[in-house]
Amino acid sequence: MDRILKAAQAIATARRTKERLAPLAPEVAPRDEAEGYQVQRALRDLLLPQFGALVGYKIGCTSNVMQQYLNIPHPCGGSVFERGVHQSGVKLAASDFVHVGVECEIAVRLARDLSPGEAPFTAAWVGEAIEAYLPAIEIVDDRYVQWETLGAPTLVADDFFAAACVLGPAVARREAPDVREVAGRALINGAEVGAGTGADVLGHPHNALAWLANHLASEGKGLHKGQLVLTGSLVKTVWLNPGDKVTMELAGLGTVEAEFT
């Protein structure tokens with residue numbers, strides 16, 4: 001556990017100081033993704049005083065475009081902290097991030113717990129546990145000297161680029177369209193820079209939620225009523241410049257906006 005804690009401390013220091021993270025020393029770097037998630041849990045404990053309580057999770061690499069971009073052929077999970085959750089229309093300082101980017105996502109809020117004893121989970125099973133869908137901007141941060149050199153275990157350890165999110169109004173599950181068919185558009189300063197559909201997220205966003213529930217269950221953990229889950233980007237990450245205005249349109253779910261000053 002000494003190695004795990006040392007890795008978590010190194011990442012936490014970089015997060016707090018906004019210094020770019022270089023590859024960790026071989027003697028402490030997580031050797032595989034399982035160790036990466038151990039470091040992530042230790043990191044979470046170190047970040048709670050600054051970032052607030054864990055209120056949910058993000059799932060990365062759930063679409064072909066993101067798997068190809070990051071060269072990681074499977075989903076990866078990260079943490080969503082209370083102080084990183086914002087409402088549509090928020091203005092955020094680009095300087096609060098190392099190199100800020102955004103992604104267009106369908107978020108879900110859970111109506112009930114998904115406990116590890118219920119595993120294995122299916123898309124249909126977790127779908128019944130959803131209270132509402134929300135149009136979302138996931139805010140990611142390239143806080144690395146060169147992320148391509150870090151490898152998936154260290155990216156997982158550092159919450160897989162997760163930084164914050166912006167949410168639009170919730171749409172109750174029974175009033176929402178089939179999210180597999182939801183078309184999303186990413187616009188920067190009014191110009192479209194990416195588009196996709198819910199089907200691009202592992203075939204259906206519920207498949208991503210089931211992956212997360214099963215992943216947590218394998219660690220003896222569960223999801224909880226009221227938690228937020230960002231199911232993965234419909235578009236390739238868009239990296240921003242100060243002054244950019246971001247709009248994500250998700251047909252049938254609504255629009256969410258943010259500005260980075």
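Here the structure is shown first, and the text comes after it.
Residues numbered from 1 in each chain as written. Predicted model: local features only at pLDDT ≥ 70, side-chain atom pairs only at ≥ 80, totals over all residues. Heavy atoms only, no water.

Participant: Tell me about the environment of cysteine 76, and name the residues and values.
Facilitator: Inspection of the secondary structure assignment puts cysteine 76 in strand 2 (residues 76-81). Each C-alpha atom, one on cysteine 76 and one on leucine 155, is 9.1 Å from the other, the two residues being 79 residues apart in sequence. Setting aside anything within four residues of it in sequence, one finds cysteine 76 in contact with Glu33, Tyr37, Lys58, Ile59, Gly60, Val156, Phe160 and Trp211. (Helix = DSSP H or I, 4+ residues; strand = E, 2+ residues; numbered from the N terminus. Contact = heavy atoms within 4.5 Å.)

Participant: Can you break down the pairing of strand 2 residue by residue, with the values?
Facilitator: Burial analysis of strand 2 places 6 of its 6 residues in the buried class, which makes it a mostly covered element. Pairing of strand 1 (residues 54-60) with strand 2 involves 6 bridges; the strand directions are antiparallel. Across the sheet, glycine 60 pairs through a bridge with cysteine 76, a residue of strand 2. (Buried < 20%, exposed > 50% of the residue type's maximum accessible area, 1.4 Å probe, protein only. Pairing = 2+ DSSP bridges.)

Participant: How would you explain the environment of leucine 240 if you had to name every residue and give the values?
Facilitator: Counting through the fold element by element, leucine 240 comes out in the loop between strand 12 (238-239) and strand 13 (245-250). As for leucine 240 and isoleucine 188, which are separated by 52 residues in sequence, their C-alpha atoms are 8.5 Å apart. Excluding its chain neighbours within four sequence positions, the residues that come into contact with leucine 240 are His99, Val100, Gly101, Val102, Ile188, Val246 and Phe260.

Participant: Could you give an account of the state of the cysteines, with specific residues and numbers?
Facilitator: Per the stated rule, a full pass over the model turns up 0 disulfides. Free of any disulfide, cysteine 76 has its nearest neighbouring cysteine sulfur in cysteine 61, separated by 5.4 Å. Classification of cysteine 76 by relative accessible area gives buried; the value is 0%. Cysteine cysteine 165 shares no disulfide, and the gap to the nearest cysteine sulfur, in cysteine 104, comes to 13 Å. On the basis of relative accessibility, which here comes to 0%, the residue cysteine 165 falls in the buried class. (Disulfide = S-S within 2.5 Å.)

Participant: Outline the sheet that holds strand 9 (residues 183-188), listing residues and values.
Facilitator: Note on sheets: strands pair through backbone hydrogen bonds, and any given pair is parallel or antiparallel. Reading across the sheet, the 5 strands line up as 4-14-13-9-10 and stay open at both edges, with mixed pairing between neighbours. Every other strand in the sheet has two partners, leaving strand 4 (90-92) and strand 10 (191-197) as the edge strands with one partner each. In this sheet, adjacent strand axes meet at a mean angle of 20° when their direction is disregarded. When strand 9 meets strand 13, the two strands line up antiparallel, connected through 5 bridges. When the sheet's bridge partners are listed, alanine 186 is paired in strand 13 with methionine 248. (Axes fitted to C-alpha atoms, helices over the stretch in contact; angles between N-to-C directions.)

Participant: With reference to specific residues and values, describe the packing of aromatic side chains.
Facilitator: Evaluation of the coordinates by the stated rule reveals 6 aromatic pairs. Judged by centre distance (5.7 Å) and plane angle (65°), the rings of tyrosine 69 and tryptophan 147 are edge-to-face. Here tyrosine 69 is found in helix 3 (residues 64-70), whereas its partner tryptophan 147 is found in the loop between strand 6 (130-141) and helix 5 (152-157), with 78 residues between them in sequence. Taking the relative accessible area as the measure of exposure, tyrosine 69 reaches 23% and is therefore partly exposed. The class for tryptophan 147 is buried, based on a relative accessible area of 10%. The rings of Tyr69, Tyr144, Trp147, Phe160 and Phe161 are connected pair by pair, giving a single aromatic cluster. (Phe/Tyr/Trp six-rings, centres within 6.5 Å; stacked < 30°, edge-to-face > 60°.)

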